[in-house]
Amino acid sequence: MMSTNNPIKIFINKCEVALVTNAFISASLGNYQGMESDLKNIYVKNIRLKNEPMLQFTYRYKTKDISKNYIPKDGLSRLEHYLENGFKVGNCFTTTEDYQYEELPNKKKRIRQLSPTKKLSDSQEHDHAKKRLIPAKNNSYLTALGICDNDGKVFKKSQDKYKQINHYIEILSKLLRELSMDKELQIADMGSGKGYLTFALYDYLTNQLQRKARIQGVEFREDLVDLCNKIAKEAKFNDLEFIQGSISDFRPESLQVMIALHACDTATDDAIAKGIRAGAELIVVAPCCHKQIRRSMEKGQNHTQLDFILRHGILLERQAEMITDAIRALVLEYFGYKTKVFEFISDAHTPKNVMITAIKSKGQTADREQIMRKIKDSLSFFAIDYHHLIQELEL
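Computed from a predicted model, the values in this text were never measured in an experiment.

Rules and cut-offs
- Residues numbered from 1 in each chain as written.
- Predicted model: local features only at pLDDT ≥ 70, side-chain atom pairs only at ≥ 80, totals over all residues.
- Heavy atoms only, no water.
- Pairing = 2+ DSSP bridges.
- Helix = DSSP H or I, 4+ residues; strand = E, 2+ residues; numbered from the N terminus.
- Axes fitted to C-alpha atoms, helices over the stretch in contact; angles between N-to-C directions.
- Contact = heavy atoms within 4.5 Å.
- Salt bridge = Lys/Arg side-chain N within 4 Å of Asp/Glu carboxyl O.
- Buried < 20%, exposed > 50% of the residue type's maximum accessible area, 1.4 Å probe, protein only.
- Phe/Tyr/Trp six-rings, centres within 6.5 Å; stacked < 30°, edge-to-face > 60°.
- Lys NZ or Arg CZ within 6 Å of the ring centre and 35° of its normal.
- Expected span 1.5 Å × (residues − 1).
- 1 Å grid on protein atoms, 1.4 Å probe; cavity = no way out; pocket = protein on both sides within 12 Å on 5 of 7 lines; lining within 4 Å.
- Points joined across faces, edges and corners; volume = space filled by probe spheres on them.
- Nonpolar A, V, L, I, M, F, W, Y, C, P; charged D, E, K, R; others polar.
- pLDDT = per-residue confidence, 0-100.
- Parallel < 35°, antiparallel > 145°, perpendicular 65-115°, else oblique.
- Left-handed = near helix turned anticlockwise from the far one by under 90°.
- Core = buried A, V, L, I, M, F, W, Y, C linked by side-chain atoms within 4.5 Å.

(A) Local environment of the sheet that holds strand β9 (residues 213–219). An order of β10-β9-β8-β11-β12-β14-β13 is seen for the seven strands of this open sheet, with the pairing classed as mixed. Of all the strands in the sheet, just β10 (240–244) and β13 (337–343) have a single pairing partner and so form its edges. When strand polarity is set aside, the average angle formed by the axes of neighbouring strands in this sheet is 15 degrees. Across five bridges, β9 lies against β10 in parallel orientation. The partner of I215 across the bridge, within β10, is L240. Contacting β8 (185–190), β9, β10 and β11 (257–264), helix α6 (residues 196–208) crosses the sheet at an angle of about 180 degrees to β9. Lying over the sheet, helix α11 (residues 313–334) contacts β12 (282–288), β13 and β14 (354–360), oriented at roughly 160 degrees with respect to β13.

The following block contains the structure:
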């Protein structure tokens with residue numbers, strides 16, 4: 001397991017994660033105080049040679065530049081070597097943030113995370129667009145799930161599903177960087193269905209990020225549970241298992257990540273409540289159906305100022321979706337999570353396209369009194385007498 005006390009190893013790990021997640025732009029080393037004559041800087045960029053990813057090192061000397069190409073693993077080893085032997089400053093530029101390593105005059109070493117300062121060039125954008133976090137080739141579970149054939153060619157009918165899988169992993173890859181790196185991840189995927197995204201997440205974590213993770217998929221339909229366990233066994237995904245049962249009956253012993261995609265109506269609330277009670281560091285839900293709040297709003301619509309909107313079924317439905325998910329986000333914030341609500345799939349593919357992500361805040365205390373006031377004011381304004389998540393958590 002990587003030591004979290006060594007700034008150089010943390011810096012190299014950040015570079016590696018950026019490469020794996022397709023977020024790497026470039027890196028540079030400076031303030032050289034080593035033994036090699038006239039060496040001043042090293043600049044690193046991501047290139048492709050014969051369609052293979054490579055790291056191009058440009059060694060800048062006082063009177064010349066020398067370029068050499070290395071496979072990513074060797075390139076990362078060289079970066080680590082140079083930081084341990086002469087270079088006092090390192091920068092890693094990614095699409096989402098920058099990382100800066102420094103050895104200070106007093107010999108103390110530190111690493112800082114900064115706002116991103118660079119963007120991909122047009123050629124890099126082109127290369128990044130072609131690369132998938134979950135490759136179709138040599139992935140037996142994608143073949144078993146009907147995404148691609150034995151040669152790794154994605155079926156035409158499965159193109160949208162394959163894109164969705166990769167987009168999902170791309171979103172999670174950024175969120176997972178926020179989690180503790182020094183322990184095994186315990187993950188529950190509630191309402192896992194046929195397991196497309198569950199398999200992909202396990203593959204990404206264990207085979208690409210080399211993170212030890214144990215994932216449980218919870219699914220009510222026994223035939224899907226049996227199918228997924230069979231595929232997991234054939235793929236040798238030893239720490240991935242699927243459990244038959246409902247979300248409300250699931251009792252996790254330990255949980256760092258709770259995921260529930262398209263859990264219907266109040267099942268999403270049950271999943272969020274499970275994650276909060278288990279102290280999950282990351283909660284990710286993509287809600288489906290909002291019948292419970294809609295029924296409550298229908299009863300009270302004549303008592304609100306919005307009856308002219310809510311008397312139209314389609315507008316009532318959309319309003320119910322927004323209110324339900326907004327209150328879910330507020331409840332998560334009440335329990336100390338930093339939340340985002342956004343569209344994660346184009347509505348051309350599915351109307352179930354809203355995702356809520358919540359990361360447990362570290363060292364920050366939520367203003368519970370103010371948040372609870374917002375929740376109560378919202379319920380009162382829309383004449384909502386019952387919200388399942390609030391009831392489940394006994395707020």
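Next, the rest of the story.
(B) Layout of the pattern of salt bridges. Applying the stated rule across the entire model yields 13 salt bridges. Note that E103 and K88 form a salt bridge whose closest N and O atoms lie 3.4 Å from each other. Placement of E103 in strand β6 (residues 98–103) and of K88 in strand β5 (residues 87–94) is noted, with a sequence separation of 15 residues between them. Each member of the pair E103 and K88 is classed as buried. E102 is the salt-bridge partner of R110, the closest N and O atoms lying 2.8 Å from each other.

(C) Main features of the packing of aromatic side chains. Counted according to the given criterion, the structure contains 13 aromatic pairs. Centre to centre, the rings of F57 and Y59 are 6.0 Å apart; their planes meet at 35 degrees, and the pair counts as tilted. Considered together, F57 and Y59 belong to a single accessibility category, that of buried residues. Ring centres of Y59 and Y82 lie 6.0 Å apart, and the angle between their planes is 65 degrees; this geometry places the pair in the edge-to-face category. Here Y82 lies in helix α2 (residues 72–84) and Y59 lies in strand β3 (residues 52–61), a separation of 23 residues in the sequence. Just as Y59 is buried, Y82 falls in that class too. An aromatic cluster is defined as three or more aromatic residues linked by ring pairs; in this entry it consists of Y32, F57, Y59, Y70, Y82 and F87. Lying over the aromatic face of Y61, K64 brings its terminal NZ or CZ to 5.6 Å of the ring centre. Geometry around F335 places R368 over its ring, the cationic atom sitting 5.2 Å from the centre.

(D) Seen up close, α6. Between its first and last C-alpha atoms α6 spans 17 Å; for 13 residues at 1.5 Å apiece the expected length is 18 Å, and the two agree. Buried residues dominate α6, accounting for eleven of its 13 residues. Along α6, the positions that sit buried rather than exposed are Y196, L197, T198, F199, A200, L201, Y202, D203, Y204, L205 and T206. Within two residues after α6, Q210 carries a phi angle of roughly 60 degrees, on the positive side.

(E) Quick look at the layout of surface pockets. Quantified by volume, the second largest pocket comes out at close to 630 Å³. Taken together, 22 residues make up the lining of the second largest pocket; nearest its centre are K174, L175, E178, K338 and I359. Those elements giving two or more residues to the lining of the second largest pocket turn out to be α5 (159–176), β13 and β14. In terms of residue class, the lining of the second largest pocket is built from seven nonpolar, six polar and nine charged.

(F) Spatial organisation of the confidence of the model for the protein. For the protein, the mean per-residue pLDDT works out to 87, and 92% of the residues sit at or above 70. Here residues 346–351 is modelled with pLDDT under 50, and outside its nearest four sequence neighbours on either side it reaches four contacts, counting other chains as well.

(G) Inspection of the packing of α5 against α6 at higher detail. In contact at an axis separation of 10 Å, α5 and α6 are set at 50 degrees when each is read in the N-to-C sense. Taken together, the axes of α5 and α6 are oblique relative to one another. Both α5 and α6 take part in a crossing whose hand is right-handed. Contacts between α5 and α6 involve K161, Q164, I165, Y168, I169, L172, S173 and L176 on the former and, on the latter, Y196, L197, A200, L201, Y204 and L205. Of the residues in the contact of α5 with α6, the class split is eleven nonpolar, two polar and one charged.

(H) Summary view of the nonpolar core. In this structure, Y141, Y168, L176, F199, L201, L205 and I259 are the most contacted members of the largest nonpolar core, which totals 50 residues. Those residues in contact with Y168 that sit more than four places away from it in its chain are L197, L201, I259, L261 and M355.

(I) Summary view of the environment of V257. Looking at the secondary structure, you find V257 in strand β11. The exposure class of V257 is buried, given its relative accessible area of 2%. Those residues within four positions of V257 in sequence are excluded, and the remaining contacts are L176, L179, Q186, I187, A188, A280 and L282.

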